[in-house]
Amino acid sequence: MITGKYPGLRLRRSRKNDWSRRLIEENNLTPNDFILPIFLIDGKNKKQEIKSMPGVYRYTLDKIYTVVDRAIKKGLPMVALFPYTEKKKKNIIGTEALNEDNLVCRALKLIKKKYKNQIGIMCDIALDPYTSHGHDGLLKKNYVLNDETVKILIDQSLLQAQMGCDVLAPSDMMDGRIGLIRKSLDKNGFKMTQILSYAIKYASSFYGPFRDAVGSKGLLKGNKKSYQMDFRNSDEGLREVALDIKEGADMVMVKPGLPYLDIIKLVKDNFKIPVIAYQVSGEYSLLTNGINNGYVDKDIILESLIAFKRSGANAIVSYYADKLDKILK
Ligand code: PBG
């Protein structure tokens, strides 16, 4: 590796001028590297700021064109839809997930009809926006059931594919669901619907503000440690990825983001497949609240985002995706 020595060799030579630094840059960001999460809420003419996430809003469907227009204009390849579900629509088995008139389904229809394939749409597959206990699956004696949950996730996947979802993103961490979802999609004529598996999703305290955003804050009974991954582990994550690839995942997600760059790199190095990083709500809140207090600025955000690329991520789900004009400048 070392091709010379001081004083003949001076690495600072190539760092001296801006043109030279630009010439040898190894990583950079463009809007193509981002997926924008959009929070949806029922009602009319509402743009509700999420308290714990300054600058992030829930939108009613009459505002959805404005949001998607902007995303397309900024050159983002994909948006991700997340519904805020009213308490009265939640129950212990998350029935609303399979309602073809639910918020996500209505949004999918509106967006697909107007924009066709100008932008991709990704939707979570999981029951947590719809269950009264806030868990991603069916609960029995405080344990989340696997196989029974997967059956519902298959139906949820089919429904969202029918409504026009381009990329299904199971975020539930049940075993075996990628293969079964793939099989059912293929059988029902959705061969080209992609699956982005949240393959390595840690049971993380960084999801707090998101649960506020989708209205499951305070509802969650216990924690998600019996299905989401233990943050002390990394080998286990590679097993998750290997299984999901075998089962037919097109892309895999690592989540949260910044505290897990080692995992992103491991996945990229070992599997050479598209890896998506999720810079989650708690990360956004920490960085953004810092800004409001005057401690950090856009350069800190840029530095954090570049770190994802350096670690090997192909793209980043980020609440900054619609604020890149300022950050990438
Ligand atoms: C739902 C889901 C969660 C997030 C994305 N999909 C929360 C959770 O699993 O509790 C978190 C996203 C974020 O914190 O920004 N399964």
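Residues numbered from 1 in each chain as written. Predicted model: local features only at pLDDT ≥ 70, side-chain atom pairs only at ≥ 80, totals over all residues. Heavy atoms only, no water.

**Examining the packing of aromatic side chains**
- The tally for this structure, following the rule as stated, stands at 11 aromatic pairs.
- For the ring pair Tyr-57 and Tyr-59, a centre distance of 6.2 Å and an interplane angle of 50° mean the geometry is tilted.
- Judged by relative accessible area, Tyr-59 falls into the buried class, the value being 8%.
- Seen in terms of ring centroids, Tyr-202 and Tyr-260 are 4.3 Å apart; in terms of plane orientation they differ by 20°. Their pairing is stacked. Taken as a pair, Tyr-202 in the loop between strand E9 (194–201) and helix H6 (208–213) and Tyr-260 in the loop between strand E10 (251–255) and helix H8 (261–271) lie far apart in primary sequence, 58 residues in all. Each member of the pair Tyr-202 and Tyr-260 is classed as buried.
- An aromatic cluster of three or more residues is present, and its members are Phe-39, Phe-82, Tyr-198, Phe-210, Tyr-278, Tyr-284, Tyr-319 and Tyr-320.
- Sitting over the ring of Tyr-57, Lys-47 keeps its end group 4.3 Å from the ring centre.
- Over the ring of Tyr-207 we find Lys-201, and its NZ or CZ is 5.5 Å from the ring centre. (Phe/Tyr/Trp six-rings, centres within 6.5 Å; stacked < 30°, edge-to-face > 60°. Buried < 20%, exposed > 50% of the residue type's maximum accessible area, 1.4 Å probe, protein only. Helix = DSSP H or I, 4+ residues; strand = E, 2+ residues; numbered from the N terminus. Lys NZ or Arg CZ within 6 Å of the ring centre and 35° of its normal.)

**A word on the state of the cysteines**
- Overall, the coordinates contain 0 disulfides when judged by the stated rule.
- Lacking any disulfide linkage, Cys-105 is separated from the closest cysteine sulfur, that of Cys-123, by 8.0 Å.
- The thiol sulfur of Cys-165 is not disulfide-bonded, and the nearest other cysteine sulfur, from Cys-123, lies at 3.8 Å. (Disulfide = S-S within 2.5 Å.)

**Remarks on the pairing of E9**
- With respect to burial, E9 is a largely interior element, 7 of its 8 residues being buried.
- As paired strands, strand E8 (residues 167–170) and E9 are joined by 2 bridges and run parallel to one another. Considered in E9, the bridge of Leu-168 is made with Ile-195.
- In the classification by handedness, the crossover that spans E8, the intervening helix H5 (residues 177–187) and the parallel E9 is right-handed.
- Bridging between E9 and E10 involves 4 bridges; their strand directions are parallel. Of the residues in E10, the one forming a bridge with Ser-197 is Val-252. (Pairing = 2+ DSSP bridges. Right-handed = clockwise from strand over helix to strand, strands pointing away.)

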